[in-house]
Amino acid sequence: MRALAPLLLALATAAAPASADEGRIVRGARVRLSDLVSELPASVPDLEVVAAPPPGGSRTIARGEILDAADKSGVDLKQLRLPSNVRVTSAAKRWSTEELATAATPHLLGALPAGVTVRRARATAKAVTSPSATVSAVRVSKLPRREGEHLTTATIELSNDGQIVARIPLQLSLEIPASAAIATVTKGARLQLMIESGPARISATAVALADGEIGDTLQFRVTTTNKILYGKVVNGTLARVVQ
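Residues numbered from 1 in each chain as written. Predicted model: local features only at pLDDT ≥ 70, side-chain atom pairs only at ≥ 80, totals over all residues. Heavy atoms only, no water.

A. Expanded view of the sheet that holds strand β14 (residues 217-222). Pairing is mixed in the closed barrel, where five strands are placed in the order β12-β13-β14-β15-β16. When strand polarity is set aside, the average angle formed by the axes of neighbouring strands in this sheet is 50°. Of the pairings in the sheet, the one linking β14 to strand β15 (residues 228-235) comprises five bridges and is antiparallel in character. Residue Q219 lies in a different strand from β15, and its bridge partner there is Y230. (Pairing = 2+ DSSP bridges. Helix = DSSP H or I, 4+ residues; strand = E, 2+ residues; numbered from the N terminus. Axes fitted to C-alpha atoms, helices over the stretch in contact; angles between N-to-C directions.)

Encoded structure:
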């Protein structure tokens, strides 16, 4: 019996869940298994367990939640000794308005038409995100075709793990030169209108019936048949017929 005692004790220890684990810091938008266990074997997938609390916030994750997530993913966790519960806190990064404007500048410049310059850009609010969040895009309202200074707003999008986690308004003062005050496609301009049907492609010369920008859907009149078709502007010389 004395010889069996250490073996029985070892088996009982392996089967029982570990006690409550100390707090863990989470840096992503989702709490993963590797955030909850000290050492995750390479043979066990690092599955997503639950959504992370808001940046700076915390919550307790029970062992049952981990097992439920593993069950839904078809992952066997028998080889792991899971804690009875784990307290997780989401790491936080606090963005000042100046930091937001600076981080947004490259995306802003890429979103503006050629020739348009930024005179002033100011974020109107601060933001709190996880440290891994970055500026993923800046959405700019459609600009007028008018030379000179133009005041408008844009939206900074902050993303983490492929998800948008914050949208911050950005006040802008833009200088629109004469070259940018002309529409990409002007009424009466001739473009190649591309018609696609499966692998087949047919093009015809067509006249734009309105001003438009890249991505706009305009009416075009085919010069050889006078038929009116709708086309999405690809660039200044090409549009694709849309149904």
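The structure having been displayed, the exposition proceeds.
B. Inspection of the packing of aromatic side chains at higher detail. Taken as a whole, this structure holds zero aromatic pairs when the rule is applied. In this structure, K93 is placed above the aromatic ring of W95, and the distance from its NZ or CZ to the ring centre is 4.7 Å. (Phe/Tyr/Trp six-rings, centres within 6.5 Å; stacked < 30°, edge-to-face > 60°. Lys NZ or Arg CZ within 6 Å of the ring centre and 35° of its normal.)

C. Helix α4 (residues 97-111), seen in detail. For α4, built from 15 residues, the straight-helix expectation of 21 Å at 1.5 Å per residue is met to within 8% by its first-to-last C-alpha distance of 20 Å. Taken as a whole, α4 carries its principal kink of about 45° at T105; the proline P106 stands between one and four residues after it. Of the residues making up α4, those classed as buried are L100, A101, A104 and L108. Elements that come into contact with the buried residues of α4 comprise β6 (93-95), β7 (117-123), β8 (127-129), β9 (134-140), β10 (148-160) and β11 (163-176). (Expected span 1.5 Å × (residues − 1). Bend = angle between axes of the 7 residues up to and from the residue. Buried < 20%, exposed > 50% of the residue type's maximum accessible area, 1.4 Å probe, protein only. Contact = heavy atoms within 4.5 Å.)

D. Geometry of the side chain of T129. Within the element layout of this structure, T129 appears in strand β8. At 2.8 Å, the side chain of T129 forms a polar contact with the side chain of W95. (Polar contact = N/O pair within 3.5 Å; in protein donor to acceptor, adjacent residues only side chain to side chain.)

E. View of the nonpolar core. One finds L100, V138, I156, L158, I168 and L170 to be the most contacted residues of the largest nonpolar core, which totals 21 residues. Of all the secondary-structure elements, those providing two or more residues to this core are α4, β9, β10 and β11. For V138, the residues in contact, after removing those within four places along its chain, are A104, H107, L108, A111, A154, T155 and L170. (Core = buried A, V, L, I, M, F, W, Y, C linked by side-chain atoms within 4.5 Å.)

F. Structural detail: the pattern of salt bridges. The final tally for this structure, using the stated rule, is 13 salt bridges. Between E149 and R119 there is a salt bridge whose closest N-O contact spans 3.2 Å. Taken together, the residues E149 in strand β10 and R119 in strand β7 connect sequence positions 30 residues apart. Overall, R119 belongs to the partly exposed group, its relative accessible area being 46%. Close ionic contact of D216 with K142 constitutes a salt bridge, the shortest N to O distance being 3.3 Å. Placement of the pair is D216 in the loop between β13 (200-208) and β14 and K142 in the loop between β9 and β10, with a sequence separation of 74 residues. Beyond isolated ion pairs, a larger network of salt bridges with shared partners links R30, R32, D46 and E48. (Salt bridge = Lys/Arg side-chain N within 4 Å of Asp/Glu carboxyl O.)

G. Just the pairing of strand β16 (residues 238-241), in detail. Two strands pair when backbone bridges link them, and strand β12 (residues 190-197) and β16 are joined in this way by three bridges, in the parallel orientation. Of the residues in β16, the one forming a bridge with M194 is R240. The hairpin turn running from β15 into β16, its antiparallel successor, is two residues long.

H. View of the sheet that holds β9. Spatially, the four strands line up as an open sheet ordered β7-β11-β10-β9, and their pairing is antiparallel. This sheet does not close on itself; its edge strands, each paired only once, are β7 and β9. If you compare each strand with its neighbour and ignore which way they point, the axes differ by 30° on average. Summarising the sheet, β7 and β11 pair through six bridges and their orientation is antiparallel.

I. Summary view of helix α3 (residues 63-73). Residues of α3 that are buried include every one of I66, A69 and A70, and no others. Projected onto a plane normal to the axis of α3, the buried residues spread over an arc of 100° and lie on a single side. Those residues of α3 that are exposed and aimed more than 90 degrees away from the buried face are D71 and K72. (Arc of directions from axis to C-beta.)

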